[in-house]
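As a plain string of letters, each chain reads:
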Amino acid sequence: MSGSDEPADLARQMREKAQQLAEAAERASDPQERERLEKKSRSMRDRSEQQSGMAAGDIYPQK
């Protein structure tokens with residue numbers, strides 16, 4: 001894997017994990033477990049969006 005692909009791959013992996021967590025939350029019968037999984041999924045999705053922005057150069061401020 002080249003160095004330029006790593007941020008995009010990481011963002012993709014994080015999105016996939018967030019989706020898996022969201023699906024697990026839907027299947028959870030315990031309300032507390034469902035909330036925990038939903039929160040973790042949202043956090044993972046937010047981080048993946050941030051990672052995607054960094055890969056695209058959108059996070060860095062203009063000078």
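Residues numbered from 1 in each chain as written. Predicted model: local features only at pLDDT ≥ 70, side-chain atom pairs only at ≥ 80, totals over all residues. Heavy atoms only, no water.

Caption draft 1: Seen up close, the environment of Glu-26. By secondary structure assignment, the location of Glu-26 is in helix α1 (residues 6–27). Each C-alpha atom, one on Glu-26 and one on Glu-38, is 8.5 Å from the other, the two residues being twelve residues apart in sequence. (Helix = DSSP H or I, 4+ residues; strand = E, 2+ residues; numbered from the N terminus.)

Caption draft 2: Spotlight on the environment of Glu-49. Inspection of the secondary structure assignment puts Glu-49 in helix α2 (residues 31–56). Sequence separation between Glu-49 and Arg-12 is 37 residues; the distance between their C-alpha atoms is 9.4 Å.

Caption draft 3: Local environment of the pattern of salt bridges. Scanning all chains against the criterion turns up three salt bridges. Arg-12 serves as the salt-bridge partner of Glu-16, at 3.0 Å between the closest nitrogen and oxygen. Of this pair, Glu-16 and Arg-12 are both found in helix α1, four residues apart, which corresponds to roughly one turn of the helix. Among the ionic pairs, Glu-33 bridges to Arg-36, the shortest N-O distance being 2.9 Å. On the criterion of helical spacing, the pair formed by Glu-33 and Arg-36 is a turn pair, its members being three residues apart in helix α2. (Salt bridge = Lys/Arg side-chain N within 4 Å of Asp/Glu carboxyl O.)

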